[in-house]
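So you can see what is in the structure, the chains are spelled out below.
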Amino acid sequence: MMTVDEVMELAPVIPVLVVDRVEDALPIARALVAGGLRALEVTLRTPAALDVMREMAQVEGAVVGAGTVVNLRQLDAALEAGARFIVSPGLTSGLGKDVIASGVPYLPGVATAGDIMRGMDLGLSRFKFFPAATSGGLPALKALAAPFFEARFCPTGGIGAANAAEWLAQPFVKCVGGSWVVPAGPVDQAKIEAAARAACALRPA
Ligand code: 3PG
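Residues numbered from 1 in each chain as written. Predicted model: local features only at pLDDT ≥ 70, side-chain atom pairs only at ≥ 80, totals over all residues. Heavy atoms only, no water.

(A) Inspection of the overall build of the chain at higher detail. Looking only at helices and strands, the chain features nine helices and nine strands. Across its three principal directions, the C-alpha atoms of the chain cover 45 × 35 × 25 Å. Across the 205 residues in the chain, those meeting the buried criterion constitute 51%. For the chain, contacts bridging at least 24 residues in sequence account for 60% of all contacts bridging at least 6. Approximately 8,900 Å² of the chain is accessible, and the part contributed by carbon and sulfur atoms is 56%. A distance of 4 Å separates the average location of the 17 positive side-chain charges in the chain from that of its 19 negative side-chain charges. (Helix = DSSP H or I, 4+ residues; strand = E, 2+ residues; numbered from the N terminus. Buried < 20%, exposed > 50% of the residue type's maximum accessible area, 1.4 Å probe, protein only. Contact = heavy atoms within 4.5 Å. Areas by Shrake-Rupley, 256 points an atom, 1.4 Å probe, with all protein chains shown as cover. Lys, Arg positive; Asp, Glu negative; His and termini not counted. Charge placed at Lys NZ, Arg CZ, Asp CG, Glu CD.)

(B) Focus on the packing of helix α2 (residues 25–34) against helix α3 (residues 49–56). Following both chains from N to C, one finds α2 and α3 inclined at 50°, their axes separated by 9 Å at the closest point. Accordingly, the angle class assigned to the pair α2 and α3 is oblique. Note on packing geometry: the crossing formed by α2 with α3 is right-handed. Contacts between α2 and α3 pair A25, L26, I28 and A29 from the former with V52, E55 and M56 from the latter. Of the residues assigned to the contact of α2 with α3, the class counts are six nonpolar, no polar and one charged. (Axes fitted to C-alpha atoms, helices over the stretch in contact; angles between N-to-C directions. Parallel < 35°, antiparallel > 145°, perpendicular 65-115°, else oblique. Left-handed = near helix turned anticlockwise from the far one by under 90°. Nonpolar A, V, L, I, M, F, W, Y, C, P; charged D, E, K, R; others polar.)

(C) The arrangement of the layout of surface pockets in detail. Here the largest pocket defines a volume of roughly 330 Å³. If you go around the largest pocket, you meet 21 residues; those closest to its centre are V182, P183, A184, G185 and P186. Contributing elements (two or more residues each) for the lining of the largest pocket: β1 (13–17) and α9 (189–200). Tallying contributions element by element places α9 first for the lining of the largest pocket, with three residues. Its residues assigned to classes, the lining of the largest pocket comprises 14 nonpolar, two polar and five charged. Put simply, the second largest pocket is a space of about 150 Å³. Taken together, 13 residues line the second largest pocket, and the ones lying closest to its centre are V16, T156, G157, G178 and S179. (1 Å grid on protein atoms, 1.4 Å probe; cavity = no way out; pocket = protein on both sides within 12 Å on 5 of 7 lines; lining within 4 Å. Points joined across faces, edges and corners; volume = space filled by probe spheres on them.)

(D) Structural view of the packing of aromatic side chains. In total, this model carries two aromatic pairs according to the counting rule given. Geometrically, the ring pair formed by F127 and F153 is tilted, given 6.2 Å between the ring centres and 35° between the ring planes. Pair noted here: F127 is in strand β7 (residues 126–129) and F153 is in strand β8 (residues 152–155), with a separation of 26 residues, a long-range link. The side chain of K128 reaches across the aromatic face of F130, ending 4.5 Å from its centre. (Phe/Tyr/Trp six-rings, centres within 6.5 Å; stacked < 30°, edge-to-face > 60°. Lys NZ or Arg CZ within 6 Å of the ring centre and 35° of its normal.)

(E) Structural detail: the site of the ligand. Inspection of the region around the ligand gives V16, R45, K128, F130, T156, G157, G158, G178 and S179 as its neighbouring residues. Within the side chain of R45, a nitrogen or oxygen atom sits 2.3 Å from an oxygen atom of the ligand. The separation between an oxygen atom of the ligand and a polar side-chain atom of S179 is 2.6 Å. Relative to its unbound accessible area of 310 Å², the ligand is 77% covered by the protein chains. When atom positions are compared with the pocket grids, the ligand is found to occupy the second largest pocket. (Near = heavy atom within 4 Å. Polar contact = N/O pair within 3.5 Å; in protein donor to acceptor, adjacent residues only side chain to side chain. Sits in = over half its atoms within 2 Å of the grid points.)

(F) A look at empty space enclosed by the protein. Evaluation of the coordinates by the stated rule reveals one cavity of 30 Å³ or more. The space that makes up the largest cavity amounts to roughly 30 Å³. Contributing to the lining of the largest cavity are I14, E41, V87, L107, K128, C154, T156 and G177.

This is the structure:
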């Protein structure tokens, strides 16, 4: 089992994937890994998601996790499908305790000081900052990161190729998440690989 830091350090960007067709899983995962993005967040928003995770896990170098996990039933299904990390849009102490008990790396969503304190009560210090752009953007996260100086974040929601670098330049941002790397529609492997490569190059030297 990896640590949550190891997952966050695989690449500067965790692509957030909404995949409708199981047949798209392998081409998408291969293109992302070829472009250097290894942590793949498959959101549980489509009926195909669990099968998509199983397919993607076959790609060498891919570390496949489940996103949009909001309850214990989804957590169990994701773990059963081989999820190596779990992402939630928010944080409840109930689900938080269940994920921690499972031992799998966890990135729950936070947007306020109270959210972060609830996470710290559970022993967590790594969070998804969500929805990043509409929760005050970078100024808000800077203000939160000051008192919670040990916390590290993966901002997600409204981040794209144009603004990811400014988030990644912050010491409290370990990676960012976003759906821009794999747009909806027919899979264009060359385009996805190019977007992944560009995403990898975003981290300042
Ligand atoms: C998520 O689930 O993290 C968001 O839907 C991703 O946000 P984005 O589509 O703005 O990148």
